[in-house]
Amino acid sequence: MRLTVAQALVRFLARQYTERDGQRHRLIAATWGIFGHGNVAGIGQALLETGHEEMPFLQGRNEQAMVHAAVGFARQSGRLSAHAVTTSIGPGATNLVTGAALATINRIPVLLLPGDSFATRPADPVLQQLEVPYAGDISVNDTLRPVSRFFDRVMRPEALIPAALQAVRVLTDPVQTGAVTLALPQDVQAEAWEWPEEFFRERVWGVRRPRPDEAELADAAEAVRGSARPLLIAGGGIRHSGAQAALAEFAEATGIPVATTQAGKGALPYDHPAEVGGVGHTGTGTADGLAREADLVIAAGTRLTDFTTASATLFQNPAVRFLGLNLDPFDAHKLAARPLVSDAREGLEELRRAVAGYHVDTAYESTYKERKRLWEERVDRAYAASGEDDAPTQAQVLGLLDALVDDGDILINAAGSLPGDLHKLWRARAADQYHVEYGYSCMGYEIPAAIGVALAAPGRPVWALVGDGTYLMNPTEIVTAVQEGIAVKLVILDNHGYASIGGLSGAVGGEGFGTAYRFRAVDGVYSGAPLPVDLAANAASLGMAVIRTRTIGDLRKALAEARAADRPTCVYAQTRTPDTVSGPPPAQAWWDVPVAETATRAAAALAREEYDRQAAQRRRHL
C-alpha cells in the first residue's frame, strides 16, 4: 500500500484500541492541530485525506493548550482513550513542552506529533531551525526528551513502523504512560513508501491489571493486622484503576479511615463514613491529625509528593510504618515502605480478603468520625453566605456551587489558592467530579482541560474555576469552545493579582513583592490602584456569554443560569478577603519553602525563625 509517512501514521492510529475488563476503547479518538510549514503538507494533508470520520480533527489556538485539552480528555476517559497533538516546527513544537511535562508528571497519555527540520537537509537551515554547531542531529524537539516517556525521531519512512508500535505500547502501559513524542521531519512526512498491509490491521492493546505477589501480600496483611491506628491515603491511582468500589469495600470491612490526595479526592464520596478528607499541606484537620498519629500508613496509588507528606513533617508517630500499594515499584517503595506492587483494584480486593476479620477498634473509629463531623461544621461556616448584597469570598463561591451541583457536575482547577480551598472544603459527590491538576499545578490548564473533559463526558456540566492570574495565562481556547459549541462553564474569580503566591510571599518574608496587579507607586513597587483590566469583556470578545456579578445574590442566580446554558458561559465575580471567622481554615500542615537565612528586613527574619521551627520536625523514614 503506497502512502506517505503522514498518511500511514494517521491510518495506523485510527486502528489502535485499548481493552480492559472486556471493554474496548479507541486509543486515539481525535487529533488536535495548528498547522505551519512543518506539518501542513504532511500530517495536515493526511488528516484531510483520511477524513473526519476516520480521524476527527480539532482546531486549537495554542499548542500548550491543545495538550491540556488532550490531558483533560484522557483523564476523564480513564486513560483508556487519548488524543494526538500535531504542530509545526519551531515555537509550535516548543510550546508543547509545558503540556508534555504536565502529562508525564500526572501519568496521563497524550501523543505529540511535532514537525521537525528536514532529514535530508536540502536547505540548511530552514525557517525556524535551531542550529547547534557541535551536533547536526539536534532540533528544538529535543526539548521534549526529558518530559516524554518515549521519544523517537522518524528519519526514514520505514522507521515509522517500530516507532509507532513503541509509542502505542507506552501510551497504553499503565505504569509508563505519559507524553509520547514522535518527531516528524517535514520532508519525511510527505515521502511515500510501500507499506505492509499488516501495519494497518486493528490492534487491541490490553491494559494490564497486575495482581500482588503472594509474599508481598502476606507481608502487607501482617502489617495491617498489627496496626492499631492505620490510615489509608488514596491517590490518583485509585481513579486510574477504577478501584473506587474496591476501596469502599476495604474501608467498610476494616474501618480504616481514608484520606485523599488532590488526584485521589472523590475516591470515596464525601459522605462515606470512612472518608476523612484531603491530606497534607492543603488537607483537612481531620486527615492531618490522623496522619500524625498513624502507626501504619497505606499509600494506595499515590506518589507521596511533598504536599501530601507536608514536606516529610506529617507522619510523627515514632512507630509509623508504610505500606506502598502501587502499580509502579518506584512509588511503592517510597518512605521505605513495604511494597505491594499491584493494580490498585486487584491489590485492595486481595488485601481485604487477606485481612478478613480485622477491624480497627471502635474507639478509633468513633474518634475519627467525630473529628470529621466537627470539620464539616467548619466547612459549613466557610460556605455560609452573609448578606445577599455582600461581595462573596472565594469560599462562599464554592459554597454556592456546592448547593447547586449534583453528582453529574465536574469541577476543574489547577493553580492558585483554589486548589487549597477545594481540597479542604469541596464535598465530592462522584468519583470523577473533582478534577484538580496538582501534579504540575499549571496555570492555564483549566479552560482547555474543560473542553477535553466535556468531549469525554458529553452532556455533563463542566466547570472551569480560575483566578485572574490563571485566566490571563491562557484564555485562548475559549474560541475553540465557541467554535465547537462546547458549553463549558467558566467561573472567573478576580482578586487583582497572584493571591496564592502573595499569601505565600507574606508567610516566607517576601512581603507580597511583585504579586499584586496594581500600578507602580512612588516607591517603585506595585502598590498603587488596581489595574483597569476587564476580564469579563475579554471573555465576551472571544465569544462567550458573560454574566457579571457583584453580590452573593447576583452570583447565586448567575451560577444557576450558567449551569443551564447550552453555550459556553462565563460567570465573573470579584471576590473579597474573608474574615477570620467565616474564611477557609488555614493550612493544617507545613510546606517547605526555604526562607532567607540572613536578611535585614524584619519580615524575613521572623519568617526564618518559623521556618527553622517547622523544619526541625522533618523526619527521614528509613
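Residues numbered from 1 in each chain as written. Predicted model: local features only at pLDDT ≥ 70, side-chain atom pairs only at ≥ 80, totals over all residues. Heavy atoms only, no water.

K.L.:
How should I be thinking about the overall build of the protein chain in this particular structure?
P.N.:
Secondary structure assignment for the protein chain yields 24 helices and 23 strands. On C-alpha atoms alone, the protein chain measures out to a radius of gyration of 25 Å, which is about the 25 Å that the 2.2 N^0.38 rule sets for 622 residues. In terms of principal-axis extent, the alpha carbons of the protein chain reach across some 70 × 70 × 55 Å. Looking at the protein chain residue by residue over its 622 residues, the buried ones come to 57%. Long-range pairs, those at least 24 residues apart, make up 77% of the contacts in the protein chain between residues at least 6 apart in sequence. Carbon and sulfur atoms make up 53% of the accessible area of the protein chain, which totals about 24300 Å². One finds the centroid of the 59 positive side-chain charges in the protein chain at a distance of 2 Å from the centroid of its 72 negative side-chain charges. (Helix = DSSP H or I, 4+ residues; strand = E, 2+ residues; numbered from the N terminus. Rg over C-alpha atoms; globule rule 2.2 N^0.38 Å. Buried < 20%, exposed > 50% of the residue type's maximum accessible area, 1.4 Å probe, protein only. Contact = heavy atoms within 4.5 Å. Areas by Shrake-Rupley, 256 points an atom, 1.4 Å probe, with all protein chains shown as cover. Lys, Arg positive; Asp, Glu negative; His and termini not counted. Charge placed at Lys NZ, Arg CZ, Asp CG, Glu CD.)

K.L.:
What should I look at first to understand the environment of Asn474 in this one?
P.N.:
Looking at the element boundaries, Asn474 is found in the loop between helix H19 (468–473) and helix H20 (478–484). Taking the C-alpha atoms as reference points, Asn474 and Ile447, 27 residues apart in sequence, are found 7.7 Å from one another. When neighbours within four sequence positions are excluded, Asn474 is seen to be in contact with Asn62, Ala65, His68, Gly444, Ile447 and Pro448. Within polar-contact distance, the side chain of Asn474 engages the backbone oxygen of Gly444 at 3.1 Å. (Polar contact = N/O pair within 3.5 Å; in protein donor to acceptor, adjacent residues only side chain to side chain.)

K.L.:
Looking at this structure, how should I read the pattern of salt bridges?
P.N.:
It is possible for side chains of opposite charge to pair when their charged atoms get near one another. Taken as a whole and assessed by the stated rule, the structure comprises 38 salt bridges. Asp21 serves as the salt-bridge partner of Arg345, at 3.2 Å between the closest nitrogen and oxygen. Here Arg345 is found in helix H14 (residues 344–354), whereas its partner Asp21 is found in the loop between strand S2 (16–20) and strand S3 (23–26), with 324 residues between them in sequence. Classification of Asp21 as partly exposed rests on a relative accessible area of 47%. Across the pair Lys369 and Glu365 runs a salt bridge whose closest N-O atoms are separated by 3.6 Å. Separated by 4 residues within a single helix, Lys369 and Glu365 lie in helix H15 (residues 362–383), roughly one turn from each other. Judged by its relative accessible area of 35%, Lys369 falls in the partly exposed class. Connected through salt bridges with shared partners, the residues Asp21, Arg209, Asp343, Arg345 and Glu346 form a single ionic network. (Salt bridge = Lys/Arg side-chain N within 4 Å of Asp/Glu carboxyl O.)

K.L.:
Sorry if this is basic, but what is going on with the sheet that holds strand S16 (residues 321–326) here?
P.N.:
Working definition: the strands of a sheet are paired by backbone hydrogen bonds and lie parallel or antiparallel to each other. Spatial ordering of the open sheet is given by S14-S13-S12-S15-S16-S17, a layout of 6 strands whose pairing is parallel. On the outer flanks of this sheet lie strand S14 (275–278) and strand S17 (338–341), each paired with one strand and no other. This sheet shows a mean twist of 20° between the axes of neighbouring strands, independent of strand direction. In the packing of H14 onto the sheet, contacts are made with strand S12 (230–234), S16 and S17, and the angle to S16 comes to roughly 130°. (Pairing = 2+ DSSP bridges. Axes fitted to C-alpha atoms, helices over the stretch in contact; angles between N-to-C directions.)

K.L.:
Would you take a moment to explain the sheet that holds strand S5 (residues 57–59) for this structure?
P.N.:
On the basis of which strands lie adjacent, the open sheet formed by 6 strands has the order S5-S4-S6-S7-S9-S8 and parallel pairing. Whereas interior strands pair on both sides, the edge strands pair on one side only; in this sheet they are S5 and strand S8 (150–153). Strand after strand, the sheet turns through a mean of 20° between neighbouring axes, direction not considered. In this sheet, strand S9 (residues 179–185) lies alongside S8 in parallel orientation, the contact comprising 4 bridges. Counterpart to Phe150 in the pairing with S9 is Val180. Seen against the sheet, helix H1 (residues 5–13) touches strand S4 (28–33), strand S7 (110–116) and S9 and runs at an angle of roughly 175° to S7.

K.L.:
Help me understand the packing of aromatic side chains, please; the structure alone is not making it clear to me.
P.N.:
The geometry of an aromatic ring pair comes down to the distance between the two centres and the angle between the two planes. Overall, the coordinates contain 11 aromatic pairs when judged by the stated rule. Taking 4.9 Å as the distance between ring centres and 80° as the angle between the ring planes, the aromatic pair formed by Trp193 and Trp195 counts as edge-to-face. Its end group placed over the ring of Phe200, Arg11 keeps NZ or CZ at 5.9 Å from the ring centre. Sitting above the plane of the Tyr434 ring, Lys265 keeps its charged end 5.6 Å from the centroid. (Phe/Tyr/Trp six-rings, centres within 6.5 Å; stacked < 30°, edge-to-face > 60°. Lys NZ or Arg CZ within 6 Å of the ring centre and 35° of its normal.)

K.L.:
Teacher, can you tell me more about unusual backbone geometry here?
P.N.:
For the bond from Asp124 to Pro125, the omega torsion is 10°, close enough to zero to count as cis. Locating Pro125 in the fold gives a position in the loop between S7 and S8. Even without being glycine, Ala312 reaches a positive phi, approximately 65°. On the secondary structure map, Ala312 appears in the loop between helix H12 (306–309) and S16. With a relative accessible area of 22%, Ala312 lands in the partly exposed category.

K.L.:
I'm lost on helix H16 (residues 394–404) in this one. Help?
P.N.:
Note: α-helices contain 3.6 residues per turn, so residues at a spacing of three or four share the same orientation. Counting buried positions over the 11 residues of H16 gives 9, a clear majority of the element. Every buried residue of H16 is accounted for by Gln394, Ala395, Gln396, Val397, Leu398, Gly399, Leu400, Leu401 and Asp402. Looking at the buried positions of H16, the neighbouring elements they touch are H15, helix H17 (418–425), strand S20 (462–467), strand S21 (489–494) and helix H23 (552–564).

K.L.:
What exactly am I supposed to notice about the pairing of S4 here?
P.N.:
Across a regular strand the side chains alternate sides, sitting on one face of the sheet and then on the other. Of all the 6 residues making up S4, 5 are buried; the element is thus mostly covered by neighbouring parts of the structure. Where S4 meets strand S6 (residues 82–87), 5 bridges bridge the pair, whose relative direction is parallel. Bridge assignment links Ala30 to a residue of S6, and that residue is His83. Here 3 bridges tie S4 to S5, and the two strands are oriented parallel to one another. When the sheet's bridge partners are listed, Thr31 is paired in S5 with Phe57. Remark: the S4/helix H2 (residues 40–50)/S5 crossover connection has right-handed handedness. (Right-handed = clockwise from strand over helix to strand, strands pointing away.)

Coordinates in, geometry out; function isn't part of it.
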